[in-house]
Amino acid sequence: MSAFRVAVVDAFGTSSGFTGAFGALGGEVIQVRSTPASPVGLDPVDDRAFGHVLVHDGESDVLTAQLAALGPVAVLAGRETGVELADALSERLGLASNGTALSSARRDKYVQIETIKAQGVPGMRQLRTGDEAELLAWHEELGGTVVVKPLRGYWGDGVSFCDAPQDSVAALRALRDRRVVLGEPITEVVAQEYLVGAEYIVNTVSCAGVHQLTDAWRTERIQANGVRDLVTAQVLLRCDEQPVGELFGYGRRVLDALGIRYGAAHLEIKLTPDGPRLVEAGARVSGLPYYTAEVLGEGQLEWTVDAYVRPERFRARAGRPYQRQHAFAWAALVAPATGRLRGYRALDQLEQLASFHSLTELVKPGDAITSTTYDREYPVTLTLSHPVDAVLQRDLNTVRYLDGPGMYEITPAAD
């Protein structure tokens, strides 16, 4: 097809892959930054990868005019921070859009759950508050464990699992001293009932309200470093295995309730004794598109290209199950302490696993290391791949056996 332009708001991290995905069809990607400064914690990206770079400095009319002059055929979100601006720009330019009416439901974690429940989709019990007494009373009445987190958080940062009402109050106080990824102060939090069950990831792409399942993953978690459910692995499921069908059926209802008619979505769903329940949804690509393209032949990036610039191809293929070529998983090590890393003791044993595929040292000997409590603090990540599921699962279990305090030589941090 002829040359065209697509605008991606906050094309950081894995979403920078849109430059290659659209570029394969002759497309040029415009990077639209939602703020003058790069969002805190997001991986930087080389601006030279984009045809143009525009910056939103708060003057929406100016930004809209600048973008209109470049004539993009689509505007979409790259990361969570770009969702609302992408909705507004695509709507104002008259392009395929999820619109702004439900933008807050696609970004605010409290509004999100209340919105799906209002549409008849089962959801968790929760409270939005900045009042310690109100939170204390709500937790006492609810009982059990409560999850306290920022309304507009990112990567699991700032999430606390609170067994007692006093713990919830302490989590609220701690978050008041924090800022979210774009730097806004935290004045209120969302407190949610702790959902019991295995957690899954369901990734989709939509075109004019038609939803395509691109990949589904089972997460593996441990309790460590004071975190109840710390993610240690994500295992790619076959499209035809349980409970993928049930999860996607629930996920379609969530997408419709949140008004996600175009583009990628990343759904985190727990399968509880009462059925699937949404943990949270993001109207953007997941962090796994490179892996899916390698294992499945295509993933969210490729399906998103079709949704926006080849909708007829999207519609012709929608509904087809994805085909997993072999068992595949992403895994991470969990640092047990904070200090200075002197070295690892068993990385060579990980590389000898039958399913070993790749390994990335995010923290190298000599670097400062932090006790892992959320996604941005993994010291090492690796991928595993094998034709036999049981071999891959054995190796994942071996990763957990080798990881732990014995894996690390750490000089403790000074007080």
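Just so we're clear, the structure is a prediction, and the values are computed from it rather than from any experiment.

Enquirer: Explain the sheet that holds strand β12 (residues 263-272) to me, please; I cannot follow it from the model alone.
Expert: Adjacent strands of a sheet form backbone hydrogen bonds with each other and so pair up, either parallel or antiparallel. Pairing within the open sheet is antiparallel, and its eight strands lie in the order β13-β12-β9-β10-β11-β14-β18-β16. Edge positions in the sheet fall to β13 (275-282) and β16 (356-361), since each of these pairs with one other strand and no more. Geometrically, the sheet is characterised by an average inter-axis angle of 25 degrees between neighbouring strands, direction not taken into account.

Enquirer: Looking at this structure, how should I read empty space enclosed by the protein?
Expert: Space left empty within the atom packing is revealed by a probe, the size of a water molecule, rolled over the atoms. Taken as a whole and judged by the stated rule, the model has one cavity of 30 Å³ or more. Around the largest cavity sit 17 residues that line it, and Leu76, Ala77, Asn98, Ala283 and Tyr308 are the ones nearest its centre. Every element with two or more residues in the lining of the largest cavity is listed here: β4 (74-77), α3 (83-92), β12 and α9 (300-309). Broken down by element, the residue count for the lining of the largest cavity peaks at four residues, all from α3. Residues belonging to the lining of the largest cavity are distributed by class as follows: 10 nonpolar, five polar and two charged.

Enquirer: Got a minute to help me understand the domain arrangement of the protein chain in this structure?
Expert: Size of an interface, as often reported, equals the accessible area lost when the parts are brought together. Under the domain assignment, the protein chain is made up of domain 1 (4-100), domain 2 (125-193), domain 3 (196-325) and domain 4 (328-412). Tallying the contact residues gives 19 residues for domain 3 and 20 residues for domain 4. With both sides pooled, the region where domain 3 packs onto domain 4 buries about 1500 Å², and carbon together with sulfur makes up 55% of that total. Along the contact surface separating domain 3 from domain 4 lie one salt bridge. For the salt bridge of Arg324 with Asp389, the shortest nitrogen-to-oxygen distance reads 3.0 Å. Counting across the domain 3 and domain 4 interface gives 11 residue pairs in polar contact (both at pLDDT 80 or more). Elements represented by at least two residues in the side of domain 3 that touches domain 4 include exactly β10 (210-224), β11 (227-236) and α8 (289-296). Top element by residues in the side of domain 3 that touches domain 4 is β11. It accounts for eight residues. For the side of domain 3 that touches domain 4, the per-class residue count stands at 11 nonpolar, three polar and five charged.

Enquirer: So what exactly am I meant to see when it comes to the packing of helix α5 (residues 132-142) against helix α6 (residues 165-176) here?
Expert: Remark: α5 packs on α6, axes separated minimally by 8 Å, with the N-to-C direction vectors making an angle of 145 degrees. Viewed along their axes, α5 and α6 form a crossing whose handedness is right-handed. Across the interface between the two elements, Glu132, Leu135, Leu136, His139 and Glu140 from α5 touch Pro165, Gln166, Ser168, Val169, Leu172, Arg173 and Arg176 from α6.

Enquirer: Would you mind going over the sheet that holds strand β15 (residues 339-344) with me for this structure?
Expert: With antiparallel pairing, the three strands of this open sheet are ordered in space as β17-β15-β19. The open sheet has two edge strands, β17 (368-369) and β19 (408-412), and neither has a second partner.

Enquirer: How should I be thinking about the nonpolar core in this particular structure?
Expert: Soluble globular proteins tend to bury their nonpolar side chains together. Membership of the largest hydrophobic core comes to 50 residues, with the highest contact counts inside it found for Val32, Leu67, Leu89, Ile116, Val254 and Leu278. No other element matches helix α7 (residues 244-257), which puts seven residues into this core. Residue assignment places this core across two domains, with domain 1 (4-100) and domain 3 (196-325) each supplying three or more. Each residue touching Leu67, except ones within four places of it in the same chain, is listed here: Ala7, Ile30, Val32, Leu54, Pro72, Val75, Leu89 and Leu93. In terms of nonpolar packing, the next biggest core, distinct from the first, is built from 26 residues, Phe12, Leu25, Val205 and Cys207 among them.

Enquirer: Is there a simple way to think about the pairing of strand β9 (residues 198-207) in this case?
Expert: Moving residue by residue along a regular strand, the side chains alternate between the two faces of the sheet. Summarising burial for β9: nine of the 10 residues are buried, a large majority. Bridge analysis of β9 against β12 gives nine bridges, and the strand direction is antiparallel. Note that in β12 the partner of Ile201 across the bridge is Glu268. As paired elements, β9 and β10 share eight bridges and run antiparallel to each other. Among the inter-strand pairings, Tyr200 is bridged to a residue of β10, identified as Arg218. Joining the antiparallel neighbours β9 and β10 is a turn of two residues, in which Ala208 adopts a positive phi near 55 degrees.

Enquirer: Explanation requested: the side chain of Gln112 in the structure shown.
Expert: Mapping Gln112 onto the fold places it in helix α4 (residues 109-118). With a relative accessible area of 2%, Gln112 lands in the buried category.

Enquirer: I keep staring at the pattern of salt bridges and nothing clicks. Help me out?
Expert: Pairing is possible between side chains of opposite charge, provided their charged atoms come close. Under the criterion given, the structure shown has 29 salt bridges. For Glu132, the salt bridge identified is with Arg173, shortest N-O distance 3.0 Å. Within this pair, whereas Glu132 is found in helix α5, its partner Arg173 is found in helix α6, the two being separated by 41 residues in sequence. Its relative accessible area of 24% is what places Glu132 among the partly exposed residues. Close ionic contact of Arg228 with Asp163 constitutes a salt bridge, the shortest N to O distance being 2.4 Å.

Enquirer: Looking at this structure, I do not really get the packing of aromatic side chains. What am I missing?
Expert: Given two aromatic rings, their pairing is described by the distance between the two centres and the angle made by the two planes. Summed over the entire model, instances satisfying the criterion amount to eight aromatic pairs. Pairing Trp217 with Phe328 gives two aromatic rings, centres 6.4 Å apart and planes at 75 degrees, and the pair type is edge-to-face. Pair noted here: Trp217 is in strand β10 and Phe328 is in strand β14 (residues 327-332), with a separation of 111 residues, a long-range link. The two residues Trp217 and Phe328 agree in class, both being buried. By the ring-pair criterion, three or more aromatic residues cluster together here, those being Phe4, Phe18 and Phe22.

Enquirer: I keep staring at unusual backbone geometry and nothing clicks. Help me out?
Expert: Generally, phi is negative for residues other than glycine and the peptide bonds are trans, each holding for most cases. A cis amide bond, omega 5 degrees, links Gln242 with the succeeding residue Pro243. If you trace the backbone, Pro243 turns up in the loop between β11 and α7. The phi torsion at Ala208 lies on the positive side, around 55 degrees, for a residue other than glycine. By the secondary structure assignment, Ala208 is in the loop between β9 and β10. Since its relative accessible area comes to 35%, Ala208 is described here as partly exposed.

Procedures and definitions
Residues numbered from 1 in each chain as written. Predicted model: local features only at pLDDT ≥ 70, side-chain atom pairs only at ≥ 80, totals over all residues. Heavy atoms only, no water. Pairing = 2+ DSSP bridges. Helix = DSSP H or I, 4+ residues; strand = E, 2+ residues; numbered from the N terminus. Axes fitted to C-alpha atoms, helices over the stretch in contact; angles between N-to-C directions. 1 Å grid on protein atoms, 1.4 Å probe; cavity = no way out; pocket = protein on both sides within 12 Å on 5 of 7 lines; lining within 4 Å. Points joined across faces, edges and corners; volume = space filled by probe spheres on them. Nonpolar A, V, L, I, M, F, W, Y, C, P; charged D, E, K, R; others polar. Domains from an automatic or database assignment. Contact = heavy atoms within 4.5 Å. Buried area = accessible area lost by both parts, 1.4 Å probe. Salt bridge = Lys/Arg side-chain N within 4 Å of Asp/Glu carboxyl O. Polar contact = N/O pair within 3.5 Å; in protein donor to acceptor, adjacent residues only side chain to side chain. Left-handed = near helix turned anticlockwise from the far one by under 90°. Core = buried A, V, L, I, M, F, W, Y, C linked by side-chain atoms within 4.5 Å. Buried < 20%, exposed > 50% of the residue type's maximum accessible area, 1.4 Å probe, protein only. Phe/Tyr/Trp six-rings, centres within 6.5 Å; stacked < 30°, edge-to-face > 60°.

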